[in-house]
Amino acid sequence: MENRRVLNAEELLEKIFFFMNEMVDTKDFGSTILLLTELGRTLANSERASFWYWDRAKKEYWTLVALDSPRIVVPEGSGIVGASIAGNETILINDPYQDDRFNQEVDKETGYQTRSILCIPVTNSKGDVIGAYQAINKMDDQGYWYFDDRDEKRLAMAAVFCGKTLESQILYSESQLDQLTGLKNRRGYYEYYEKNVHPYLLKQSCSIVMADIDFFKRVNDTYGHNAGDVVLKCIASILRNMAGTSGEVIRWGGEEFVILLKECAVSQAAAFAENVRKKVESSICYFEDVPIRVTMSFGVKALDSHLSPEENVKGVDEKLYEAKTAGRNRVAVDEI
């Protein structure tokens, strides 16, 4: 590994200001994670660094190595990071192979040698732990060295800034989510459309699907609104699973959902909608051991780059109306 020069105080301050300015302009959660990771690596002058986010709902930690790469996910409580998060404590180890909490298997598989570890929990404004910074292999001008109190103080400073930044990002992300289903809401639709769909419309086919639960009012009237919520979450799960990584599902409002499909011609979107229709029809949503069956109607249309996000929704909503007036539990497609 090529040695990296130790930054002087002026260079270090310049780096800090650079990362802070970049994060002010960044709204994307993944990009923020990577910027925070690089900030921690710079402050600790380590060969490697990572920020691990604690997903309490899924009981796991995840980190990124690049925007285009998949998340690295480990179970809650794993390794040094898990110990740091669970105990809300800083862990500094300069001989990790002698520590039972360190997982040596990764080094054995990759041939990498971990010489030193510095792990610091990251908390929000309430003092709740939301993740941890982990720096690996302190480096100086001569090569590898050990972490010390100065590195701990520097990384702690990054952890404070990291907590504040991520808390703001999380609040921003939550404002775009439907609290019942966890899907994006209308606000999330507009942002996702502008950032992740519209730039590609001139180069590739994209489609939009609008779906509505048939006679949903009957569910609420028969079983109560709590049962209606269970059905909405059940349907949301089916839509999310079937869309996978190729589509984004939005709860448009009430019992209506919108699915944006990138790199998907309208014929493919129609086949997707028909598969979802069949899946919903054959599925059972359970409310307190009571089986509830529902069906859905679908409208399908190609996205038009010349139309606004609202106009594209209006167009597919007209196709959905056709499906509903034709008898429901069917797919209506704009063939043009």
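These numbers come from a predicted model, not from an experiment.

Peer 1: How would you summarise the overall build of the protein if you had to cite specific residues and measurements?
Peer 2: What the protein contains, in helices and strands, is 10 helices and 14 strands. Principal-axis analysis of the C-alpha atoms places the extent of the protein at approximately 75 × 50 × 40 Å. Of all 336 residues assigned to the protein, the portion counted as buried reaches 47%. Taking contacts inside the protein between residues at least 6 apart in sequence as the whole, the part at least 24 apart equals 63%.

Peer 1: For helix 8 (residues 225-243), give the residues involved together with the corresponding values.
Peer 2: Taking 1.5 Å of rise per residue, the 19 residues of helix 8 would be expected to cover 27 Å, and the 27 Å separating its terminal C-alpha atoms lies within 8% of that figure. All of the buried residues in helix 8 are Ala227, Gly228, Val231, Leu232, Ile235, Ala236, Ile238, Leu239 and Ala243. Of the residues one or two after helix 8, glycine 244 is the one with positive phi, at around 60°.

Peer 1: Outline the nonpolar core, listing residues and values.
Peer 2: By size, the foremost hydrophobic cluster in this structure holds 34 residues, and its most contacted members are Val209, Ile213, Val231, Ile235 and Phe257. Contributing elements (two or more residues each) for this core: strand 8 (207-213), helix 7 (216-223), helix 8, strand 10 (256-261), helix 9 (266-282), strand 11 (285-287) and strand 13 (296-302). For this core, the element with the most residues is helix 8, which contributes eight residues. Ile33, Leu36, Trp62 and Ile120 belong to the second-largest nonpolar core, a separate cluster that totals 25 residues.

Peer 1: Any chance you could break down the pattern of salt bridges for me, citing the residues and the numbers?
Peer 2: Any two side chains of opposite charge can pair, given that their charged atoms come close. Scanning the model with the defined rule gives 11 salt bridges in all. Among the ionic pairs, aspartate 221 bridges to lysine 217, the shortest N-O distance being 2.7 Å. Taken together, the residues aspartate 221 and lysine 217, both in helix 7 and four residues apart, mark about one turn of the helix. Linked by salt bridges that have partners in common, Glu274, Arg277 and Glu281 make up one network.

Peer 1: Can you break down helix 2 (residues 29-44) residue by residue, with the values?
Peer 2: Between the first and last C-alpha of helix 2 there are 23 Å, a value that for 16 residues agrees with the 22 Å anticipated at 1.5 Å per step. Counted residue by residue, helix 2 has 14 buried out of 16 residues, so it is predominantly covered. In the segment just after helix 2, asparagine 45 is the residue with positive phi, at about 50°.

Peer 1: Describe the side chain of aspartate 107, listing the residues and the values that go with them.
Peer 2: Within the secondary structure layout, aspartate 107 lies in helix 4 (residues 105-110). The buried charged residue aspartate 107 lacks any salt bridge, with arginine 48 as its nearest oppositely charged partner at 6.2 Å. Residues within four places of aspartate 107 in sequence aside, it is in contact with Tyr97, Phe102, Tyr112, Gln113 and Thr114.

Peer 1: Got a sec to walk through the environment of aspartate 149? Specific residues and values, please.
Peer 2: Along the chain, aspartate 149 turns up in helix 5 (residues 149-174). Using a relative accessible area of 55% as the deciding quantity, one classes aspartate 149 as exposed. Between the alpha carbons of aspartate 149 and leucine 183 there is a distance of 44 Å; along the sequence they are 34 residues apart.

Peer 1: How would you explain the pairing of strand 9 (residues 247-253) if you had to name every residue and give the values?
Peer 2: Moving residue by residue along a regular strand, the side chains alternate between the two faces of the sheet. Taking burial as the measure, the seven residues of strand 9 include six buried ones, the bulk of the element. Relative to strand 10, strand 9 runs antiparallel, the two sharing six bridges. Bridge pairing in strand 10 places glutamate 248 opposite leucine 260. Linkage of strand 9 to strand 10, two consecutive antiparallel strands, is achieved through a turn of two residues, within which glycine 254 is found at a positive phi near 55°.

Peer 1: Tell me about the packing of aromatic side chains, residues and numbers included.
Peer 2: Tallied over the full model, the rule gives nine aromatic pairs. Between phenylalanine 51 and tyrosine 133, the ring centres sit 5.9 Å apart and the planes meet at 75°, which makes this aromatic pair edge-to-face. Of this pair, phenylalanine 51 sits in strand 1 (residues 46-55) while tyrosine 133 sits in strand 6 (residues 129-140), and the two are 82 residues apart along the sequence. Grouping residues by exposure puts phenylalanine 51 and tyrosine 133 together as buried. Aromatic side chains tryptophan 54 and tyrosine 61 sit 6.3 Å apart centroid to centroid with 70° between the ring planes, which places their arrangement in the edge-to-face category. Residue tryptophan 54 shares its accessibility class with tyrosine 61, and that shared class is buried. Here the aromatic cluster, defined as three or more aromatic residues joined through ring pairs, consists of Tyr189, Tyr190, Tyr193 and Trp252. Here arginine 56 stacks its cationic end above the ring of tryptophan 54, 3.9 Å away from the centre of that ring.

Rules used throughout
Residues numbered from 1 in each chain as written. Predicted model: local features only at pLDDT ≥ 70, side-chain atom pairs only at ≥ 80, totals over all residues. Heavy atoms only, no water. Helix = DSSP H or I, 4+ residues; strand = E, 2+ residues; numbered from the N terminus. Buried < 20%, exposed > 50% of the residue type's maximum accessible area, 1.4 Å probe, protein only. Contact = heavy atoms within 4.5 Å. Expected span 1.5 Å × (residues − 1). Core = buried A, V, L, I, M, F, W, Y, C linked by side-chain atoms within 4.5 Å. Salt bridge = Lys/Arg side-chain N within 4 Å of Asp/Glu carboxyl O. Lys, Arg positive; Asp, Glu negative; His and termini not counted. Pairing = 2+ DSSP bridges. Phe/Tyr/Trp six-rings, centres within 6.5 Å; stacked < 30°, edge-to-face > 60°. Lys NZ or Arg CZ within 6 Å of the ring centre and 35° of its normal.

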